[in-house]
Amino acid sequence: MSKGLYTLDFSEIGTEDHDRVGGKCASLGDMTQAGVAVPPGFAVTTDAYAEMLKHHGLQAEIERHLKGVDPDDLDSVDRAAQAIRIRIRSHHLPESVEAAIRVAYAEMGEGMPVAVRSSATAEDMPDASFAGQQDTYLWVKGGDDVVAKVRDCWASLYTTRAVAYREKNKISHIDVLMSVGVQKMVNAKTAGVAMTLDPVTG
């Protein structure tokens, strides 16, 4: 797969591409290039997300909904977040973005079950962790569903919990961009999480 504006294969990316593919995809790229047995896939870049916002004029709408939101008033946050998610999900992707996603998915094998995973640019920061704040979808099949779930991942940048977390940590909503990883599903014999530091004491 050749380097593109809207999609990049894991084999083409690494830490230096963080701003275009987010933390999760950048790490998957680093491991792929290091020869780790990572299930294949590609990143839908932050350029695609930015094009979606620009194409439909969504940035102004997002700013309008979030203006004056009180992070301590969860009802207020929830109303704004829900309105933004509805607006994002109500629009089709720009044709060029959708076409790039469909081509990249077809190259993996049409009908292949994949995970569609959020990969925001503000993940696992030194003083803030966004683990679990955005959505992931498993066992997604077919170009239509992959495209729809990419859009759902973008919308999940504005879950109530994510908006409240950014508000409390004074992180600009508009400056956080969303990449999405599309990765082959595998049947794991075992799975787990490895801690390299004590999660309580550091």
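Let me begin by describing the structure that accompanies this report. (Residues numbered from 1 in each chain as written. Predicted model: local features only at pLDDT ≥ 70, side-chain atom pairs only at ≥ 80, totals over all residues. Heavy atoms only, no water.)

A closer look at the sheet that holds strand β5 (residues 178-184)
Whenever strands of a sheet pair, they do so through backbone hydrogen bonds, lying parallel or antiparallel. Taken together, 5 strands build an open sheet; the order of strands is β1-β2-β5-β3-β4 and the sheet is antiparallel. Whereas interior strands pair on both sides, the edge strands pair on one side only; in this sheet they are β1 (7-9) and β4 (136-140). Taking each pair of neighbouring strands and ignoring which way they run, the sheet shows an average axis angle of 20 degrees. In terms of strand pairing, strand β3 (residues 114-120) meets β5 through 7 bridges, oriented antiparallel. Pairing of S119 across the sheet is with S179, part of β5. Lying over the sheet, helix α5 (residues 95-109) contacts β1, β2 (41-44), β3 and β5, oriented at roughly 170 degrees with respect to β2. (Pairing = 2+ DSSP bridges. Helix = DSSP H or I, 4+ residues; strand = E, 2+ residues; numbered from the N terminus. Axes fitted to C-alpha atoms, helices over the stretch in contact; angles between N-to-C directions. Contact = heavy atoms within 4.5 Å.)

Some words on the side chain of S76
Within the fold, S76 resides in helix α4 (residues 74-89). Setting aside chain neighbours within four positions, we find S76 in contact with V69 and D70.

As for α4
In this model, α4 (16 residues) spans 22 Å end to end at C-alpha, consistent with the 22 Å of a helix rising 1.5 Å per residue. Of the residues making up α4, those classed as buried are S76, V77, A80, A81, I84, R85 and I88. For α4, the buried positions fall inside an angular range of 160 degrees around the axis, keeping them on one side. Turned more than 90 degrees off the buried face of α4, the exposed positions are D75, R79 and I86. Residues of α4 that are buried make contact with α2 (46-56), α3 (58-66), α6 (143-155) and α7 (160-168). (Expected span 1.5 Å × (residues − 1). Buried < 20%, exposed > 50% of the residue type's maximum accessible area, 1.4 Å probe, protein only. Arc of directions from axis to C-beta.)

Digging into unusual backbone geometry
Here the phi dihedral of W139 falls at roughly 55 degrees; this positive angle occurs in a residue that is not glycine. Mapped onto the fold, W139 is located in strand β4. Judged by its relative accessible area of 45%, W139 is partly exposed. Even without being a glycine, K170 presents a positive backbone phi close to 55 degrees. Within the secondary structure, K170 sits in the loop between α7 and β5. Taking relative accessible area as the criterion, K170 reaches 75% and is therefore assigned exposed.

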